[in-house]
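# What the coordinates show
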There are 2 protein chains.
Amino acid sequence: MLEELRAALGPVGCLTGDDIPEAARSDASRTGQALPLALLRPASVREVSAALAICHHHRLSVVPQGGMTGLAGGANPDPASVALSLERLSGIEEIDAEGMAMVVRAGTVLEHAQLAAQEAGFLLPVDLGARGSCQIGGNIATNAGGLRVIRDGMTRDNLLGIEVVLADGTVLGQLSKVVKNNTGYDLRHLFAGSEGTLGIITRAVIRLRPLPAPPRTALAALPDFAAVLKFLQMAREALPGLSAFEAMWRDYFAFSQNLLPYTLFDTPPPFAIILEAPDDPAFDMLLERAFDEGLVTDALIARSLADARRFWTLREGVAMDAALPGLINLDISLATRRLDEFACRCRADLLARFPGAHVSFFGHIADSNLHVAVCLPGDDNTAQIHDVDAIVYGLVREFGGSISAEHGVGTLKRDWLGHSRSEAEIAAMRAIKAALDPRGIMNPGKLLPI
Amino acid sequence: MLEELRAALGPVGCLTGDDIPEAARSDASRTGQALPLALLRPASVREVSAALAICHHHRLSVVPQGGMTGLAGGANPDPASVALSLERLSGIEEIDAEGMAMVVRAGTVLEHAQLAAQEAGFLLPVDLGARGSCQIGGNIATNAGGLRVIRDGMTRDNLLGIEVVLADGTVLGQLSKVVKNNTGYDLRHLFAGSEGTLGIITRAVIRLRPLPAPPRTALAALPDFAAVLKFLQMAREALPGLSAFEAMWRDYFAFSQNLLPYTLFDTPPPFAIILEAPDDPAFDMLLERAFDEGLVTDALIARSLADARRFWTLREGVAMDAALPGLINLDISLATRRLDEFACRCRADLLARFPGAHVSFFGHIADSNLHVAVCLPGDDNTAQIHDVDAIVYGLVREFGGSISAEHGVGTLKRDWLGHSRSEAEIAAMRAIKAALDPRGIMNPGKLLPI
């Protein structure tokens with residue numbers, strides 16, 4: 001098998017043993033470190049197709065890999081499979097200015113695509129923290145969310161067309177650049193978010209948008225969650241171009257601010273909101289009105305990009321990983337109005353089980369998306385992570401939410417899928433998987449419960 | 001079989017023979033008039049499930065029907081099948097103000113849902129001409145487009161969750177109200193646009209948006225298509241809330257205006273654009289700048305809702321159906337920058353084959369969506385419609401476009417599907433259909449080539 005693959009892809013396209021770089025052995029969840037049988041590095045759609053046809057023939061499992069920034073174990077290799085990296089299938093093929101679309105290869109690093117769009121005078125409306133290393137193909141395969149979903153939607157919402165190679169090597173091309181296309185089943189949306197279990201995305205057409213003007217950014221302090229909800233409603237009505245409404249619960253704000261060399265609010269407020277919208281008089285009027293109504297008790301307005309950066313650095317909690325080794329970032333979704341009720345229950349339940357743990361909350365709350373940061377006391381707590389999951393996802397089920405808002409399922413949430421999807425839905429997913437990948441070689445053991 | 005169905009649904013839920021109303025015998029394409037074996041009218045999800053289980057057991061085909069406003073024959077019954085109407089499964093179950101979502105039953109008339117949203121202070125962001133009779137379930141099953149796609153997207157883009165009954169009666173529930181949900185395959189997008197061939201949509205969660213302020217509307221005259229493209233680019237940049245950019249080619253404008261009791265432009269311009277955006281000084285500034293640059297040669301700005309209505313009446317061409325019996329409205333999509341090149345070729349080819357025919361063009365051009373209005377000379381031209389299709393869809397294939405931007409495939413475009421989707425894609429669709437509807441009872445003969 002490996003000889004066939006080496007013949008098809010050349011020596012640089014098929015690495016084995018020590019030649020396989022560390023980066024290909026585990027994704028950013030740092031779980032499931034393993035050496036695959038080989039790391040395939042096709043440089044063209046034709047080579048992806050040839051590689052899959054060989055794997056299909058030999059019933060050899062394939063684990064697709066992008067920038068390895070995933071947090072759910074979805075790209076972790078295993079010793080009985082080959083990994084297939086898209087890194088050599090990269091580059092921008094076309095920017096269509098009138099059609100406002102970019103044709104891009106799957107292995108292109110998101111930030112490269114963003115910069116190319118910007119040079120052509122457009123916004124590429126997908127953005128997330130890992131932009132410097134994640135790849136477009138992985139963004140699509142996991143339907144990545146990110147920081148501007150409130151304005152721009154998820155990755156799938158900015159996808160005009162994709163080209164996919166199926167398990168048997170068939171190339172399924174729909175590099176459509178048209179916005180409207182009602183000709184049968186929407187395969188684009190089926191592959192988006194399928195985490196490499198149905199085929200390998202090789203190229204995509206991403207919708208571009210006009211470059212927005214530099215926004216206005218504020219950090220507001222709010223006294224309680226009712227005020228947060230009311231403020232969100234007012235912001236939605238007053239600021240049609242609202243591009244961020246990011247909430248930090250007091251526990252998160254206090255911890256993150258303590259790690260920074262600057263202080264934004266001397267007393268961490270019950271809730272802090274980063275508000276971002278087009279620079280318009282309505283922005284300051286909204287803050288004034290919210291202040292008058294007692295919804296906002298204090299607010300800082302960024303006077304420079306550096307000011308805004310300071311707000312975002314606090315929110316992104318970049319220093320937390322170092323301060324809390326073993327930090328787990330759970331990513332869930334439920335009705336916006338119940339987020340604080342959930343957070344209170346979740347905090348109490350986690351602390352009852354793990355006294356002394358770090359537990360804090362933040363999230364893209366306008367998108368009903370909450371992140372739970374958990375760090376257990378003690379050194380090696382891998383065994384207890386299951387208990388954390390059981391507590392958090394058990395509550396998610398009770399609240400009728402989703403166990404994964406934007407991180408996907410991978411291996412880490414696989415066994416909890418039934419908390420968010422019904423048996424009938426999982427059965428339908430299995431039927432679709434079997435229809436498109438009858439030999440089950442595409443990223444087995446990921447997403448669907450075994 | 002019919003007795004079992006009658007027992008499950010009651011006499012009012014299972015009509016036969018003359019009791020089946022005219023409306024259930026043909027959709028708005030007025031093709032394929034037929035009397036089904038029975039018209040099923042379930043009043044609950046449970047009844048839909050019971051009815052499908054019976055049909056599945058007896059391998060009896062089922063044709064789902066909404067408001068029968070489709071233009072592609074997708075809801076046309078046939079004498080060997082039962083039709084299943086959702087009309088009794090109607091009503092709004094919930095409006096979640098904080099979550100900005102509406103839970104609605106499939107048989108609800110779109111306009112009723114729009115009004116309910118409006119009363120609660122929200123916009124239901126799906127709108128089309130047939131709003132007074134089309135139903136939400138049908139809007140989703142056909143992924144309806146409409147007049148505000150440029151701002152609000154297609155129906156699928158406003159869908160948070162759906163509940164579907166599969167061919168065997170299994171209820172697949174995902175009435176999710178969360179914006180972000182990355183837990184496996186997106187079945188919601190698979191059923192949206194599947195035209196009843198995979199299952200029956202029974203309920204849905206539609207995303208609501210803040211009510212927009214009354215917009216400003218203008219009708220602009222432009223000298224050529226290059227000016228249209230440039231004006232579109234300027235409008236996108238200057239008017240972030242742009243909600244309509246509707247183009248009429250001279251042939252369409254002249255014909256439609258002649259049927260109206262008022263005159264908007266004495267001399268029909270090469271291109272007329274209806275521009276709609278939030279009422280903001282940027283709107284008039286854009287028009288002035290476009291005028292100064294020679295892109296716009298004349299413009300009318302609506303001073304009242306009645307003025308705006310006059311522009312839209314011209315664009316909707318409501319009097320054309322009566323003036324041109326047998327009018328065909330073809331709905332296609334291709335790269336925006338090539339729309340006029342397509343229109344010129346298409347007009348020439350149609351008139352060469354059918355001298356004296358009416359041929360005119362209009363469309364949602366910012367969405368790359370063109371409509372071709374064709375009326376052949378003579379009385380009964382059904383036989384020649386195939387030739388019209390061959391000319392228009394042949395050109396669409398040459399231009400790499402889509403044979404259906406928003407109307408769907410149904411029966412009328414079924415045999416042309418290969419002009420827009422590859423053999424591999426059609427094979428993948430068939431595999432998915434077989435996986436979810438193994439007995440092939442769901443709307444057979446629609447969408448997929450026989």
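In this text the structure is predicted, and so the values were computed from the model without any measurement. (Residues numbered from 1 in each chain as written. Chains lettered and ligands numbered in written order. Predicted model: local features only at pLDDT ≥ 70, side-chain atom pairs only at ≥ 80, totals over all residues. Heavy atoms only, no water.)

## Side note on the packing of aromatic side chains
Think of a pair of aromatic rings as described by two things: how far the centres are apart, and how the planes are tilted against each other in angle. Convention followed: A pair of Phe, Tyr and Trp rings is counted when the ring centres sit within 6.5 Å of each other, with Trp represented by its six-membered ring. The angle between the planes then sorts it: under 30 degrees is stacked, over 60 is edge-to-face, the rest tilted. Secondary structure is summarised from DSSP: a helix means a run of H or I of at least four residues, a strand means a run of E of at least two, and numbering begins at the N terminus for each. When a residue's accessible area, from a 1.4 Å probe over protein chains only, is under 20% of the maximum for its type it is buried; when over 50% it is exposed; and in between it is partly exposed.
Across all of its chains, the model carries 18 aromatic pairs over all chains by this definition. Ring geometry for Phe225 of chain A versus Phe271 of chain A: centroids 5.6 Å apart, planes at 50 degrees, classification tilted. Of the two residues, Phe225 of chain A sits in helix α7 (residues 225-238) while Phe271 of chain A sits in strand β14 (residues 271-278), which places them 46 residues apart along the sequence. An identical accessibility class is assigned to Phe225 of chain A and Phe271 of chain A; each is buried. Taking 5.1 Å as the distance between ring centres and 65 degrees as the angle between the ring planes, the aromatic pair formed by Trp249 of chain B and Phe271 of chain B counts as edge-to-face. Separated by 22 residues along the polypeptide, Trp249 of chain B in strand β13 (residues 244-249) and Phe271 of chain B in strand β14 (residues 271-278) bring together distant segments of the chain. Taken individually, Trp249 of chain B and Phe271 of chain B each receive the classification buried, so the pair is uniform in this respect. Three or more aromatic residues link up through ring pairs in this structure, and these residues are Phe225, Trp249, Phe271 and Phe361 of chain A.

## What about the UniProt feature "domain: FAD-binding PCMH-type" (unreviewed entry) in chain A?
Quick note on the threshold: UniProt positions are given in the numbering used here, feature names are shortened, and annotations may be inferred rather than shown by experiment.
Here, the residues flagged by UniProt with the feature "domain: FAD-binding PCMH-type" (unreviewed entry) are residues 32-211 of chain A. Between the first and last C-alpha atoms of residues 32-211 of chain A the distance is 40 Å; the span itself is 21% helix and 24% strand.

## Digging into the relation of the copies chain A and chain B
This is how it is decided: Copies overlap after least-squares fitting; the atoms used are the C-alpha atoms of residues with pLDDT of at least 70 in both. Contacts between residues were defined by any pair of non-hydrogen atoms, one from each residue, lying within 4.5 Å.
Rotating chain A by 180 degrees and translating it 0.0 Å along the rotation axis places it on chain B, where the RMSD comes to 0.0 Å. The superposition operator between the copies reduces to a two-fold rotation axis. Here 99% of the interface residues in chain A have copies in chain B that are interface residues too; the copies meet face to matching face.

## Examining the sheet that holds strand β5 (residues 92-96) of chain A
Residues and elements named next belong to chain A. Note the cut-off: The pairing criterion for strands is at least two bridges between them, as found by DSSP. The convention used is that axes are lines fitted to C-alpha atoms, helices contributing only their stretch in contact, and that angles between N-to-C directions extend from 0 to 180 degrees.
One open sheet accounts for five strands, arranged β5-β6-β10-β8-β9; its pairing is antiparallel. Single-partner strands in this sheet number two, and they are β5 and β9 (171-174). Averaged over all pairs of adjacent strands, the angle between strand axes in this sheet comes to 10 degrees, irrespective of strand direction. Relative to strand β6 (residues 101-105), β5 runs antiparallel, the two sharing four bridges. Residue pairing in the sheet places Ile95 in a bridge with Met102 of β6.

## Thoughts on the packing of helix α12 (residues 339-353) of chain B against helix α13 (residues 382-398) of chain B
All names here are of chain B. What counts is decided by this rule: When an angle is under 35 degrees it counts as roughly parallel; over 145 it counts as roughly antiparallel; between 65 and 115 it counts as roughly perpendicular; any other value is oblique. The sense of a crossing depends on the near helix, which, turned anticlockwise from the far helix by less than a right angle, makes the crossing left-handed and, turned clockwise, makes it right-handed. Polar here means any residue outside two lists: the nonpolar Ala, Val, Leu, Ile, Met, Phe, Trp, Tyr, Cys and Pro, and the charged Asp, Glu, Lys and Arg; Gly therefore counts as polar.
Two elements in contact, α12 and α13, have axes separated by 10 Å at closest approach and are oriented at 155 degrees. The angle between α12 and α13 places the two elements in the roughly antiparallel class. The chirality of how α12 crosses α13 is right-handed. Residues Phe342, Arg345, Cys346, Asp349, Leu350 and Arg353 of α12 form the contact with α13, whose participating residues are Asp387, Val388, Ile391, Val392, Leu395, Val396 and Glu398. When grouped by side-chain class, the residues that make up the contact of α12 with α13 number eight nonpolar, no polar and five charged.

## Comments concerning the environment of Arg289 of chain A
Checked against the element boundaries, Arg289 of chain A lands in helix α9 (residues 281-292). Placed 139 residues apart in sequence, Arg289 of chain A and Ile150 of chain A show a C-alpha to C-alpha distance of 22 Å.

## With respect to the interface of chain A and chain B
Heads up, the condition is: Defined here as a combined quantity, buried area equals the accessible surface (1.4 Å probe) lost by two parts on assembly, summed across both. Salt bridge, as applied in this entry: a Lys or Arg side-chain nitrogen positioned within 4 Å of an Asp or Glu carboxyl oxygen. We call two N or O atoms a polar contact when they sit within 3.5 Å, provided that within protein one can donate a hydrogen and the other can accept it, with sequence-adjacent residues counted only if both atoms are side-chain atoms.
With 67 residues of chain A at the contact, the number on the chain B side is 66 residues. When the two sides are added together, the surface that chain A and chain B hide from each other amounts to roughly 5400 Å², 59% of it contributed by carbon and sulfur. Considering only the surface of chain A that becomes buried against chain B, Lys180, Asn182 and Tyr185 of chain A emerge as the three largest contributors, covering 20% of it. Along the contact surface separating chain A from chain B lie eight salt bridges. Between Lys180 of chain B and Asp367 of chain A there is a salt bridge, with its nearest N and O atoms 3.6 Å apart. Counting across the chain A and chain B interface gives 29 residue pairs in polar contact (both at pLDDT 80 or more). Looking at the side of chain A that touches chain B, the elements with two or more residues in it are β9, α6 (187-191), α7 and α14 (423-436) of chain A. The leading source of residues in the side of chain A that touches chain B is α14 of chain A, at nine residues. Here the side of chain A that touches chain B is composed, by residue class, of 28 nonpolar, 24 polar and 15 charged.

## Focus on helix α2 (residues 45-57) of chain A
All names here are of chain A. How we decide: The span you would expect from a helix comes to 1.5 Å times its residue count less one.
Taking 1.5 Å as the rise per residue, α2 with 13 residues should run 18 Å; its terminal C-alpha atoms sit 18 Å apart, in good agreement. Those residues of α2 that fall on the buried side of the exposure criterion are Val45, Val48, Ser49, Ala51, Leu52, Ile54, Cys55 and His56. Two residues or fewer after α2 comes Arg59, characterised by a positive phi angle close to 55 degrees.

## Some points on the sheet that holds strand β16 (residues 328-333) of chain B
Residue and element names in this part refer to chain B. If you trace the seven strands from one edge of the open sheet to the other, you get β15-β12-β14-β13-β17-β18-β16, paired in antiparallel fashion. Here the strands that pair on one side only, and so sit at the sheet edges, are β15 (298-301) and β16. On average, each strand axis in the sheet is inclined to that of its neighbour by 20 degrees, with strand direction left out of account. The pairing of β13 with strand β17 (residues 358-364) spans two bridges and is antiparallel. Considered in β17, the bridge of Met248 is made with Phe362.

## Focus: the side chain of Glu163 of chain B
Residues and elements named next belong to chain B. Topologically, Glu163 is positioned in strand β8 (residues 159-165). Since its relative accessible area comes to 6%, Glu163 is described here as buried. Side-chain polar atoms of Glu163 contact the side chain of Thr202, separated by 2.7 Å. In this structure the side chain of Glu163 is engaged in a polar contact, spanning 2.7 Å, whose partner is the side chain of Arg203.

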